[in-house]
Structures are given as structure tokens and as C-alpha cells.
Amino acid sequence: MSVARIVSALQFCPGGCSFSPPARRDPAASLQSRAFNLLLRLLPFKQQLASAEAVQAHVQKLALQPASHEPTGLGRGVEVTLTKMGGWPVYYTAPSSGFEGCNYVMFLHGGGFINEIVPAHWRFVGQMTREARVSCVVPIYPLAPRATAEDLVPATGELLRMLLEDAGSAKVTVVGNSAGAGLALAACQWLRDRGHQQPDQIVLISPAADASVSRPEQAAIAERDPIQDIPGIVEAGRLYAGELDIGHPFVSPLNGVFRFLAPMTIFSGTRDLLYPDSIDLAARARAVGVPVELHLLRDQPHNYALMPTPEGRRARALIMRAVA
């Protein structure tokens, strides 16, 4: 089924839970969301992805001045512990009122595999810990080009395997945004291919599922996207791929096998140049019997579910209920 036909069937419903025509249409973006889209265009995100050279300069700068990964913005009511697993720093959060009976979330942050975790990610981790009363496991994975998909996917899969083993009867959800969502999907495919247990569910926020960014319609979408641009995403994907082909499922998990994966919830918006991949991802997973909820909203940007807008708050409320 083509992307155009799937979009037509979805009619951009807020629930996005079915490929049959929904009962109501997705309303126009809120005033706050439209204002936030304008603000995003004034920030340097898109310029940093405007060319391969811009990405290379950014990576070189970060190599000289590495960004901190320490938790900033978790908020009250959250306890945090730092440990190391497989040589990676791994943070554990828990509600200050007590850990007993908590379910688990492994959170994999975005940043195109070239940027460190940021305060917006930590605020989201704090909200999940506090409101959903879960323990969050946050691996600080090494960045490209120092580490590549060939290293990161098996290592992340192994961390997830250990978490599932330690969790016992508690629910385990993998939540990732952008690059972290792509890594989450690839790690779950890695688990499945080796006969290991799947998590209870996978939550993908604006997933980076195909590093080639090669769909013809994406050039037009990139003009509307206030954050991302194609040349920079392609270059970041090349750095992350290392010696692997850009189409390898570790790099582009959209090309992987979806059978027997955990149920998925996907959030995307039509001002995100990656959104056609989310539609395709949902269709491929559903075609092999994987339950999928696709929340595709009109005029929402990349990572809208983490943004301080009414649409973002509604998405986070859905995530809190899913992981609790």
C-alpha cells in the first residue's frame, strides 16, 4: 500500500489507531503549536542539518567539547542512581515515595546519534517516573562516529535483555524518540532474532527508521519541517552506519523484519520529514500481526510529543497511561 493511500485512510485522526476511516478528522494545529513551529524555525536546529559539512563541523566541535549527560530537569519526587553496564553510564530513576511494585521503562534518547541527551529528555524521564510511577533506565550510549550501529544495536539489545530478565513479572516498555526510537526498534529486532523475550510494548516518538531519507515526497516535506533537513540527516546516518550499508536493518530498521515484535505505539506529525516512514512502519508491522497505534497529527513537527504544546501534552498523557 502506498504512503498516499495509507494517509488517505488515516484521515489524520488524533487516535490514529486504525487504518480504517476514523469517526472524526484531526483538527487544525493549536495556536500554541503554530507559534511553536515559528519559534523552531528561528532556532539553529535546521541550519545544523542543512549540509554534510555542517554536520561534520558540529561533530568536530562536540569532540572537542563533549556535552554533559548528567540529569538536568528531572524535577521533584525523583531519585536517580548512576551505574555502569557494558562500559556505558546508565541512569536509573525511581519515585522518591518508593520503588516497590514499579514497572520499568528503558528510555533511548534522540539526537541523530551525534548529540547527547538534553534537558528536554530528562524532563520527560522525570514526568514518566513521577506521574506513571515507573523506574526509568536511561543508557548513555556512545555517539557516532566513535560508535556505530554495528556496536550500538547489539549492546542496547543486551542491556534490554538483562532488564527484562531482572524485571521478573513487572512490565517493561521501551520508549525512544527520533534516533533513539530507531535504536529501540533495531534492538527489539535483534532480541527477536536471537530468540530472546520481547518487552511488553514499544513506544516510538518520531522514529528515525530509514537513514536513506530517499522517498520522493520527503523533499517537499523538508520545506515544511522547521527542525530537520535531508542532507544533514543523511550525513548523520552515514556516520552512524560506519562500515554497514545505510540500508542495513541496524541502521534503517524499517528494512528489518517485524514479525513477533512487541505491540507498538507511534507518534508522528506531518511537518516531520520522517513521517512517511512512520506510516510505512505501522503498515508493515500490522501486516504481520503486530498490534500498532499510530498517532499521526496534522502540522505537528518532529518530536511534537515532547513539546510544550496542547498536542504534546495529550501525547504525553497517552504515554503515561501506556507505561504505567
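Since we're looking at a predicted model, the values are computed, not measured.

1. Here we look at the overall build of the protein
And step 1. Assigned secondary structure in the protein consists of 11 helices and 8 strands.
And step 2. Counting only C-alpha atoms and orienting by the principal axes, one finds that the protein spans roughly 50 × 45 × 40 Å.
And step 3. Taking as baseline every contact in the protein between residues at least 6 positions apart, the subset at least 24 positions apart corresponds to 76%.
And step 4. Surface exposure of the protein reaches about 13,700 Å², of which carbon and sulfur atoms provide 55%.
And step 5. The distance from the centre of the 29 positive side-chain charges to the centre of the 28 negative ones in the protein is 8 Å.

2. Quick word on the sheet that holds strand β4 (residues 134-139)
Sheet strands line up and pair through hydrogen bonds in the backbone, either parallel or antiparallel.
And step 1. On the basis of which strands lie adjacent, the open sheet formed by 8 strands has the order β1-β2-β4-β3-β5-β6-β7-β8 and mixed pairing. Only two strands of the sheet have a single partner each, and these edge strands are β1 (78-85) and β8 (292-297). Adjacent strand axes in the sheet meet at a mean angle of 15°, parallel and antiparallel pairs treated alike.
And step 2. Sitting on the sheet, helix α6 (residues 149-167) touches β1, β2 (88-95), β3 (103-108), β4 and β5 (172-177), and the angle it makes with β3 is about 170°.

3. Focus on a nonpolar patch on the surface
And step 1. Together, L39, L42, L43 and F45 make up an exposed nonpolar region whose accessible area comes to about 370 Å².
And step 2. Its place among the elements puts F45 in helix α3 (residues 45-48).
And step 3. Note on F45: relative accessible area 38%, which makes it partly exposed.

4. Observations concerning the pattern of salt bridges
And step 1. A complete count under the given rule lists 8 salt bridges for this structure.
And step 2. Between E165 and R161 there is a salt bridge, with the nearest N and O atoms lying 3.3 Å from each other. With E165 and R161 both in helix α6, this residue pair falls 4 residues apart, about one helical turn.
And step 3. Given the relative accessible area of 57%, E165 is considered exposed.
And step 4. R284 serves as the salt-bridge partner of D280, at 2.9 Å between the closest nitrogen and oxygen. Taken together, the residues D280 and R284, both in helix α10 (residues 275-287) and 4 residues apart, mark about one turn of the helix.
And step 5. The exposure class of D280 is buried, given its relative accessible area of 12%.
And step 6. Accessibility expressed as a relative area gives 34% for R284, which makes it partly exposed.
And step 7. Here the residues in one salt-bridge network are R215, D277, D280 and R284, joined through shared partners.

5. Brief notes about the packing of helix α5 (residues 119-131) against helix α11 (residues 310-323)
And step 1. Where α5 contacts α11, the axes come no closer than 10 Å and their chain directions differ by 50°. One finds that α5 runs oblique with respect to α11. Both α5 and α11 take part in a crossing whose hand is right-handed. Contact residues: α5 offers F124, Q127, M128 and E131, while α11 offers R316, I319 and M320.
And step 2. The class makeup of the residues in the contact of α5 with α11 is 4 nonpolar, 1 polar and 2 charged.

6. Some details on the environment of T270
And step 1. Tracing the sequence through the fold places T270 in the loop between β7 (264-269) and α10.
And step 2. Within the structure, the side chain of T270 is placed 2.7 Å from the backbone nitrogen of D299, a separation counted as a polar contact.

The rules behind these values
- Residues numbered from 1 in each chain as written.
- Predicted model: local features only at pLDDT ≥ 70, side-chain atom pairs only at ≥ 80, totals over all residues.
- Heavy atoms only, no water.
- Helix = DSSP H or I, 4+ residues; strand = E, 2+ residues; numbered from the N terminus.
- Contact = heavy atoms within 4.5 Å.
- Areas by Shrake-Rupley, 256 points an atom, 1.4 Å probe, with all protein chains shown as cover.
- Lys, Arg positive; Asp, Glu negative; His and termini not counted.
- Charge placed at Lys NZ, Arg CZ, Asp CG, Glu CD.
- Pairing = 2+ DSSP bridges.
- Axes fitted to C-alpha atoms, helices over the stretch in contact; angles between N-to-C directions.
- Patch = residues over 30% accessible without salt bridge, like charges linked within 9 Å, V, L, I, M, F, W, Y side chains within 5 Å.
- Salt bridge = Lys/Arg side-chain N within 4 Å of Asp/Glu carboxyl O.
- Buried < 20%, exposed > 50% of the residue type's maximum accessible area, 1.4 Å probe, protein only.
- Parallel < 35°, antiparallel > 145°, perpendicular 65-115°, else oblique.
- Left-handed = near helix turned anticlockwise from the far one by under 90°.
- Nonpolar A, V, L, I, M, F, W, Y, C, P; charged D, E, K, R; others polar.
- Polar contact = N/O pair within 3.5 Å; in protein donor to acceptor, adjacent residues only side chain to side chain.

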